[in-house]
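Coordinate inspection notes
Each chain, letter by letter, is given below.
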Amino acid sequence: MKLFTLSNTRRAVQIIAFFLLVYTSIFLTTGIDIEGLPFVSVPKDVVRPEWYAPEKGYTEVFDTYLPIKSCRFIADENRAFRACFMHFANESIVWNSPPEEWIPHLLLFLFAALIFARAWCGWICPLGFISESAFWIRKKLGFKERKIPEKIKQYIPAFKYGFLSFVFLLSLLVILPIGLSAFQGEFSIVNCATCPARTIFPLFAGKFSLDFSFSNPVYFLFSIIGIAFLLVFISSFFFSRPWCRICPSGALLSLLNPVSFLRKEKEKEKCTSCGICERICPMDNTTIQEKKGDSINTGNCIRCFRCVEHCPEEDCLKVKFFGKTIYKSKYKEKTESLLDSTKK
Amino acid sequence: MQVLNNVKRALLGDVTQEKENPILERRYEEEPYSEPGKTEEFRKKILNASMQNLKSMQSKKNRPKAMAYFDKIVTGSREEEIKKSGKKVLGYFCSFIPEEILYAADVIPIRLCAGSFDTMDVAEGILPRDVCPMVKSSFGFKVLGLPLMELCEIAVVPTSCDAKKKMGYYLADYMPVWMLHLPHKKDSDKSVKLWLEEMYDFKDAVEKFAGKKISKKALEDSTKLLRKRTDAFRRFLELRKAKLIPISEKDFLLVVYVSFFDDAERWTKNVSLLCDEIEKNIERGIGVHSKDTIRLLLTGSATIWPNFKILDIIEKAGMAIAVDQSCVGTWHLYEPVEVEEYSLPGLMQAIAERYLSPSICPCFTVNDDRFDNLTELIKAYEVDGVIYHILRLCQLFDMEAETVKKILEKENIPMLKVVTDYSKEDVGQLSTRIEAFKEMILIREEGEK
Amino acid sequence: MITAGIDVGSVTTKCVLFDGKKVLGKALTQTKADPNLAAEFVYKKALEENKISKEKISFIVSTGYGRRAIDYGNTSVTEIMANATGAYWVGCPKGEIKTIIDLGGQDSKVIALEKGGHIRNFVMNDKCSAGTGRFLENMANVLGVSLEELGSFSLKSKNPIAINSTCTVFAESEIISLISKRAKKEDIIAGLHISISKKIVHMARELGVREPVFFDGGGSKNIGIKKALENALGVEIYVPENSQFIIALGAAIVAFKLATKQQK
């Protein structure tokens, strides 16, 4: 059994990232005591639902927002990052923060996204890791895999970017002079209200809370969406990474996927059209197998590089980082992988 | 209720439950024509042809000693073994039929594509004269009741080319024939679905034939076993890239031919031993041809044992074949079955895709993958020229020759088109052509220096 | 240094002696049943007629279908190589030869050359007598005309009759029925020439015909075929003198090149 395969390495990085993000409080402490979001000045008279404000004050180690679901709802005391970038964008727009507060974070985000794009999804995001682990448990238990039906799949990109636009639209609507400023409080948390991470992450820190508010029509709508998204996430027991296909953070990164510096490259002539890459892709990416056009780095690709790992033709698929090839496809003899052995 | 069913099926990803028995049923039955009295005579002829080939192959210097196993199997020791084992035997044509399913049901698979010239005449009583020689040769085995076809209780024929399709129809008079509907377009999702359904029907039919259900574990084990076989074969192919050619094309084709009917595990073990020996030979600088021998690529219609006429002529002319692109050579065992999901649907999907999607057979509407692979093989094996072998009356390969010619012109690789059949009457003319081809390449090389 | 090239064809055997700059002599005989005998005969004849002794010959290259029958040759080359070498050396007034059409006794071929006289590709028809000298021989027999007259006869025709069969045997029946219908001999002969040229044009198209076109082999002496080919291909065709000896000359030139290399 080979130990240092790409899959195993990625799994290890995912586990480390997971522990770092979810259980930082166990490992790290800081002395900073912050209540709310100090960078964003919230007017004192805004009423937020109870479930939104965490019980105690919380601290974080790194004063930044990751492009993934580095959720702020994770731990009470110490957590690694302030929140996810989507939430930051959402809040900054709604509260009309001055540029000097969001420009450095935006630049950091662009920097991270341009270099790695959706590799954040494939290697770091804890939600992705939980998704994949649930899928893997299903495999061990012997349940059949389900594939998202074609009829639904064709609407997914539209929905993904549609929802992303919806979040930004709501955020913008508040600051435009059209009289929706009353909803500032509600619209500022549209991202968190609908995100499944809010419910899932605290589970791992020992907190189980299904905090869905139906107190006013806006919260009602958000909660319906939130429950639906939570169910989508839970279905990752049967489907492969279903939440990742509509995740707004992922959608943001998707926009930069085609130009990121960590990319795949395919030498079309070496491809024998065996279809293994397409079958193995956790995101059901069908453009890898294609031999025309250059659509191999689509918005869907989470850079897990399983396609490159399993491609049987030498040098057909390559991983390039800043133009340098760092991993090539090669014919590999079938050995039992650490994670795939099916001994029950 | 129907809507619910559809939703359920869509979500569960199950293949349709409409099963169909692939058996070919004829209404216009004929009394099968046979010549049983001649079986012994032809048995000797076929053995003779094999021995002739072996004699010339064994006399070559530096032939790996591990080839002795394959020599033994091809001269007939397998027949007794199969009879003694008492297992069911199933014959098939082409390289689209998954042996994984057969091994899982404990059925012995035998690929029936034949290269014997002697058995062609008897077939011409039933099949027309103007038909692919390979089809006539294989059919003749049945008419004469020769092994190993005689041991097969069923013949599985995919609808790949016209000749095979109609031959299957006539073969149904002699033995049960299962015809599997191979899609004409291989690059569409619908085709993969269709082929997957055919695979499920095939699996059911094999279960009924073998009298035992194929469990998921059995299929998993057989897939892993045959994956080991492909792994060993790929290793063998890699070794052929060596600058000093370590094994002749004839030996290579013999090794693949033996895999048509040999036990997979034993074959794999012996190929691994052969690879070990070849590795040592390469290290010591031992090869079967001299260093500056012209390296050729053989592509086109299959050259099946014992029809090594073209190979003999090429050898006599002093050239070597570094690699071939034929369905009885490199492409019989090339693609691996990569299973991610070890559930029954997952295994079946992986198997169905492997046997359909990467195929380079010209029976499909678009076969551009073959041209890609051709240019890749030329680069990987550092080939100086291409011999495009066409069996007379094989329209499929003949038609693709035009595209191959244009592609090779662009790559500046010389190509020789050779149209021939199984008979020995055109050896002189072929020699002239092949020698002229060699002269062409030599002058080209000199010009480049 | 003098070298010899011996072309053992299916119908005739030719020998040419070469000294690096010009042809010193040539000889021809019918191959009949014994290629070895014919080769020996024609070799001796060429030497005797030009008063050259055997010892002066430094290198012998044989070619043609019977090239292996000779045991006293140094080596052999295919007639394709020999033809390309000979034709290139002879050349034509229009420039470097790009296409060679060889109409032999029992086969016909088209050779495509690239710059420098190297063979780009070639097509041979040696399976069937359609489009070969044998075809013409048979038809001449049926029509009661000598082989040499065929060409001039065909030029007289104003109305060639299309001959549909390409197979020698069936064409014979077709001609006999035409004769009984009192068709004009020259029209039939012209039709035959067109029939032959069609077969060659089919081969030539596979390679792509580039000018200048060189025509050699026994059949090139027939002016009717030359005209029919020119019409069908739309190019001017050059027939050299002694076109039947080009292949043997090519073999002699190859012999000279090899002998020169050996000396170094």
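Computed from a prediction, not measured in an experiment: that's the story for all the values here.

Another aspect to go through is the overall build of chain A. The helix and strand inventory of chain A stands at 15 helices and five strands. Here chain A holds 344 residues, and 53% of them are scored as buried. Counted over contacts in chain A with a minimum sequence separation of 6, partners at least 24 positions apart contribute 70%. Surface summary for chain A: the accessible area is close to 15800 Å², and the carbon and sulfur share equals 67%.

Helices and strands together make up the secondary structure of chain B, namely 16 helices and eight strands. Relative to the compact-globule value of 22 Å for 449 residues, chain B shows a C-alpha radius of gyration of 22 Å, a close match. Overall size of chain B, expressed as C-alpha extent along the three principal axes, is 75 × 55 × 40 Å. Burial statistics for chain B: of 449 residues in total, 61% are counted as buried. Considering only intrachain contacts with a sequence separation of at least 6, the fraction spanning at least 24 residues in chain B is 77%. On chain B, roughly 18600 Å² of surface is accessible, and the fraction owed to carbon and sulfur atoms is 52%.

With 33 residues of chain B at the interface, the matching set in chain A holds 33 residues. Counting the surface chain B buries against chain A, the share from its top three residues, B:Glu338, B:Glu340 and B:Glu341, is 23%. Counting across the interface, chain B meets chain A through seven salt bridges. The closest approach of N and O atoms between B:Glu340 and A:Lys139, which form a salt bridge, is 3.5 Å. Here chain B is connected to chain A by 13 residue pairs in polar contact (both at pLDDT 80 or more). Contributions of two or more residues to the side of chain B that touches chain A are made by helix 1 (2-12), helix 9 (216-239), helix 13 (344-356) and helix 14 (368-380) of chain B. It is helix 9 of chain B that contributes the most residues to the side of chain B that touches chain A, eight residues altogether.

Turning our eyes to something else, we now look at the sheet that holds strand 3 (residues 23-30) of chain C. All names here are of chain C. If you trace the five strands from one edge of the open sheet to the other, you get 3-2-1-4-5, paired in mixed fashion. Of all strands in the sheet, those with a lone pairing partner are strand 3 and strand 5 (75-76), marking the two edges. Relative to strand 5, strand 4 (residues 57-63) runs parallel, the two being bridged by two bridges. Its bridge partner lying in strand 5, serine 62 is registered against serine 76. Each of strand 1 (2-8), strand 2 (12-18), strand 3 and strand 4 is contacted by helix 1 (residues 35-49), which is oriented at about 145° to strand 3, the strand it contacts most. Together, strand 1, strand 2, strand 3, strand 4 and strand 5 form the strand contacts of helix 8 (residues 246-263), whose direction differs from that of strand 1 by roughly 140°.

This part is about a nonpolar patch on the surface. On the surface, a nonpolar cluster with roughly 550 Å² of combined accessible area is contributed by A:Phe214, A:Phe220, A:Ile224, A:Ile227, A:Leu231 and A:Ile234. Tracing the sequence through the fold places A:Ile234 in helix 12 (residues 217-234).

Take the arrangement of the chains next. No other pair of the two pairs of chains in contact has as many contacts as chains A and B. Between chain A and chain C there is no contact; the minimum C-alpha to C-alpha separation amounts to 26 Å.

Moving on to the sheet that holds strand 4 (residues 317-321) of chain A. Residues and elements named next belong to chain A. Overall, antiparallel pairing links the three strands, which are arranged 3-4-5 in an open sheet. Two strands in the sheet have a free side with no partner beyond their single neighbour: strand 3 (262-266) and strand 5 (324-328). Averaged over all neighbouring strand pairs, the angle between strand axes comes to 35°, with direction disregarded. Sheet topology places strand 4 next to strand 5; four bridges connect them, and they run antiparallel. Bridge pairing in strand 5 places lysine 318 opposite lysine 328.

One pass over the structure, following the stated rule, counts zero disulfides over all chains. You can see A:Cys316 has no disulfide; the closest cysteine sulfur is in A:Cys311, sitting 4.3 Å from it. Between B:Cys152, a cysteine without a disulfide, and B:Cys113, which holds the nearest cysteine sulfur, the sulfur-to-sulfur distance is 12 Å.

Residue and element names in this part refer to chain A. As far as domains go, chain A holds domain 1 (6-252) and domain 2 (264-328). Each partner contributes to the interface: domain 1 provides 18 residues, whereas domain 2 provides 16 residues. Buried area between domain 1 and domain 2, both sides added, is near 1500 Å², and the carbon and sulfur share of it is 53%. Three residues stand out in domain 1 for area buried against domain 2, namely Leu6, Arg118 and Arg245, and they jointly supply 35% of the buried area on that side. Along the contact surface separating domain 1 from domain 2 lie three salt bridges.

Let us look at the packing of helix 3 (residues 133-143) of chain C against helix 5 (residues 168-180) of chain C. Residues and elements named next belong to chain C. For the pair helix 3 and helix 5, the least separation of the axes is 10 Å and the interaxial angle reads 25°. Classed by the angle they form, the pair helix 3 and helix 5 counts as roughly parallel. Between helix 3 and helix 5 the crossing geometry is right-handed. Of the residues in helix 5, those in contact with Phe135, Asn138, Met139, Val142 and Leu143 of helix 3 are Thr168, Ala171, Glu172, Ile175, Ile176 and Ile179. When the residues that make up the contact of helix 3 with helix 5 are grouped by side-chain class, the tally is eight nonpolar, two polar and one charged.

Another aspect to go through is the environment of C:Thr29. All names here are of chain C. Counting through the fold element by element, threonine 29 comes out in strand 3. In the structure, threonine 29 is positioned 15 residues away from lysine 14 in sequence and 6.6 Å away in space, judged by C-alpha atoms. With residues up to four places along the chain from it excluded, the contact list for threonine 29 reads Val11, Thr12, Thr13, Ala38, Phe41 and Val42.

In this section: the interface of chain C and chain B. Contacts between chain C and chain B engage 17 residues on the former and 18 residues on the latter. Counting the surface lost from both chain C and chain B, the interface buries some 1600 Å², and carbon and sulfur atoms represent 49% of this. Summed over the shared surface of chain C and chain B, the result is three salt bridges. Across the salt bridge formed by C:Lys261 and B:Glu446, the nearest N and O atoms sit 3.7 Å from each other. Viewed at the interface, chain B and chain C are joined by five residue pairs in polar contact (both at pLDDT 80 or more). Element by element, the count of residues in the side of chain C that touches chain B is highest for strand 8 (residues 119-125) of chain C, at five residues. A class-by-class count of the residues in the side of chain C that touches chain B yields six nonpolar, three polar and eight charged.

In this section: helix 1 of chain C. Residue and element names in this part refer to chain C. A rise of 1.5 Å per residue sets the reference length of helix 1, with its 15 residues, at 21 Å; its end C-alpha atoms lie 21 Å apart and thus fit the reference within 8%. Looking at the buried residues of helix 1, the elements they touch are strand 1, strand 2, strand 3 and strand 4. Between the side-chain oxygen of the N-cap and the backbone nitrogen of asparagine 36 there are 3.2 Å, and the N-cap of helix 1 in question is aspartate 34. Downstream of helix 1 by a residue or two, lysine 51 has a phi angle that is positive, lying close to 55°.

Turning our eyes to something else, we now look at the pairing of strand 2 of chain C. All names here are of chain C. By the criterion of burial, strand 2 is predominantly enclosed, with seven of the seven residues buried. The alternating pattern of strand 2 places Thr12, Lys14, Val16 and Phe18 and Thr13, Cys15 and Leu17 on opposite faces, both of which are buried. Sheet analysis places strand 1 next to strand 2, joined by six bridges and oriented antiparallel. Within strand 2, the residue paired with valine 8 across the bridge is threonine 13. Counted between consecutive antiparallel strands, the loop separating strand 1 from strand 2 contains three residues. Relative to strand 3, strand 2 runs antiparallel, the two sharing seven bridges. Along strand 3, the bridge assignment pairs phenylalanine 18 with valine 23.

Right, let's talk about the environment of A:Ile302 for a bit. All names here are of chain A. Checked against the element boundaries, isoleucine 302 lands in the loop between helix 14 (276-280) and helix 15 (306-310). Classification of isoleucine 302 as buried rests on a relative accessible area of 2%. Taking C-alpha positions, isoleucine 302 is 27 Å from serine 171, a pair spaced 131 residues apart along the chain. Sequence-distant contacts of isoleucine 302, that is, excluding residues within four places in its chain, are made with Arg118, Ala119, Cys121, Gly122, Trp123, Glu132, Arg241, Pro282 and Met283.

Attention now goes to empty space enclosed by the protein. Residues and elements named next belong to chain B. If you walk through the whole model with that rule in mind, you get ten cavities of 30 Å³ or more. Those elements giving two or more residues to the lining of the largest cavity turn out to be helix 4 (99-104), helix 9 and helix 13. With four residues, helix 9 is the single largest residue contributor to the lining of the largest cavity.

The rules behind each value
Residues numbered from 1 in each chain as written. Chains lettered and ligands numbered in written order. Predicted model: local features only at pLDDT ≥ 70, side-chain atom pairs only at ≥ 80, totals over all residues. Heavy atoms only, no water. Helix = DSSP H or I, 4+ residues; strand = E, 2+ residues; numbered from the N terminus. Buried < 20%, exposed > 50% of the residue type's maximum accessible area, 1.4 Å probe, protein only. Contact = heavy atoms within 4.5 Å. Areas by Shrake-Rupley, 256 points an atom, 1.4 Å probe, with all protein chains shown as cover. Rg over C-alpha atoms; globule rule 2.2 N^0.38 Å. Buried area = accessible area lost by both parts, 1.4 Å probe. Salt bridge = Lys/Arg side-chain N within 4 Å of Asp/Glu carboxyl O. Polar contact = N/O pair within 3.5 Å; in protein donor to acceptor, adjacent residues only side chain to side chain. Pairing = 2+ DSSP bridges. Axes fitted to C-alpha atoms, helices over the stretch in contact; angles between N-to-C directions. Patch = residues over 30% accessible without salt bridge, like charges linked within 9 Å, V, L, I, M, F, W, Y side chains within 5 Å. Disulfide = S-S within 2.5 Å. Domains from an automatic or database assignment. Parallel < 35°, antiparallel > 145°, perpendicular 65-115°, else oblique. Left-handed = near helix turned anticlockwise from the far one by under 90°. Nonpolar A, V, L, I, M, F, W, Y, C, P; charged D, E, K, R; others polar. Expected span 1.5 Å × (residues − 1). 1 Å grid on protein atoms, 1.4 Å probe; cavity = no way out; pocket = protein on both sides within 12 Å on 5 of 7 lines; lining within 4 Å. Points joined across faces, edges and corners; volume = space filled by probe spheres on them.

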